[in-house]
Amino acid sequence: LVLLHRELRHYRYGDIIGNFRAIPAAAVLWALFLTACNYTVFTLYDVMGLRFIKRSLSYARAFLASFIGFAFSNSTGAFLFSSSLIRFGLYCNWGLSALDVAGLIAFNNVSFLLGLMTVGGVVLIWQPLAMPVRYVALVLGLRLVGGILLAVVAAYLLLCLFRRRPIRIRTVDIPVPTLGLATLQLGVSLLDWILAASVLYVLLPER
């Protein structure tokens, strides 16, 4: 609330309401439709996560846990204190162990980051931020960052292709997804990011 007050203190309430009313009804309907599609895609994170930890639950339960978890986390911005706790409560009540749920949440986070790094890497290489001429070196640096992000994604996929044994960190064994599941991770996350961006894009006043 403090942040919103600070950012919006130069705008009048009436101006904000007027801009909202100026958005065409068709754009709002498109945004609602894309939001519904995005929340449907959200459920695939949990479906993949259950497959990763080798636990079988009905799609209805995965849908419920995913929808409620993402609804709270996207509204509050506090993923660890909302979405994760909701998943722990629901999945443990449905027979999964705390370790199973932790593995599912970790898998979801990796999936989310794969899409973020891929989209970020492509954008930084293809269309880096506009800079004055004297900052050309910074633009080249941004392209380098984009290349590093894409290299990390590629390294993850190669790891899933060639590594079959779990990765041991002290006494904990971390399983490695199959290449098929890793590719599905990337595809779902990319679709998530594209839909989320599209919701805002259709609401822009000029395109």
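If you're wondering where the values come from, they're calculated on a predicted model, not measured in any experiment. (Residues numbered from 1 in each chain as written. Predicted model: local features only at pLDDT ≥ 70, side-chain atom pairs only at ≥ 80, totals over all residues. Heavy atoms only, no water.)

Q: How should I be thinking about the overall build of the chain in this particular structure?
A: Of regular secondary structure, the chain possesses 8 helices and 2 strands. The secondary structure elements of the chain, listed N-terminal to C-terminal, are α-α-α-α-α-α-α-β-β-α. Along the first, second and third principal axes, the C-alpha set of the chain runs to 55 × 45 × 30 Å. Every one of the 207 residues in the chain was classed for burial, and the buried ones make up 30%. Nonlocal contacts in the chain, meaning residues at least 24 apart in sequence, comprise 62% of its contacts between residues at least 6 apart. (Helix = DSSP H or I, 4+ residues; strand = E, 2+ residues; numbered from the N terminus. Buried < 20%, exposed > 50% of the residue type's maximum accessible area, 1.4 Å probe, protein only. Contact = heavy atoms within 4.5 Å.)

Q: How do you make sense of helix H4 (residues 59-76) when you look at a structure like this?
A: Note: α-helices contain 3.6 residues per turn, so residues at a spacing of three or four share the same orientation. Given a rise of 1.5 Å per residue, 18 residues ought to cover 26 Å, and the 25 Å separating the end C-alpha atoms of H4 matches this to within 8%. Within the span of H4, buried status applies to Ala-62, Ala-65, Ser-66, Gly-69, Phe-70 and Ser-73. Buried residues along H4 cover an arc of 115 degrees about the axis, so they all sit on one side. In H4, the exposed positions angled more than 90 degrees off the buried face are occupied by Ala-60 and Ser-75. Residues of H4 that are buried in the fold lie against helix H3 (25-52) and helix H5 (83-93). (Expected span 1.5 Å × (residues − 1). Arc of directions from axis to C-beta.)

Q: Even after reading the chapter, I still don't get the nonpolar core, so can you show me in this structure?
A: Tyr-45, Met-48, Leu-50, Ile-53, Leu-57, Tyr-91 and Leu-96 are the most contacted members of the largest nonpolar core, which totals 26 residues. Counting only elements with at least two residues in this core, the list comes to H3, H4, helix H6 (98-126) and helix H8 (179-201). Here this core takes 9 residues from H3, the largest share from any one element. Excluding residues that lie within four positions of it along the chain, Tyr-91 makes contacts with Asp-46, Leu-50, Leu-57, Ala-62, Ala-65, Leu-96, Val-101 and Leu-104. Formed by 7 residues, the second largest nonpolar core is a distinct cluster that contains Leu-114, Val-153, Tyr-156 and Ala-182. (Core = buried A, V, L, I, M, F, W, Y, C linked by side-chain atoms within 4.5 Å.)

Q: Help me understand the environment of Phe-162, please; the structure alone is not making it clear to me.
A: As for its placement among the helices and strands, Phe-162 is situated in helix H7 (residues 136-162). Along the backbone, Phe-162 and Val-176 are 14 residues apart, and their C-alpha atoms lie at a distance of 9.8 Å.

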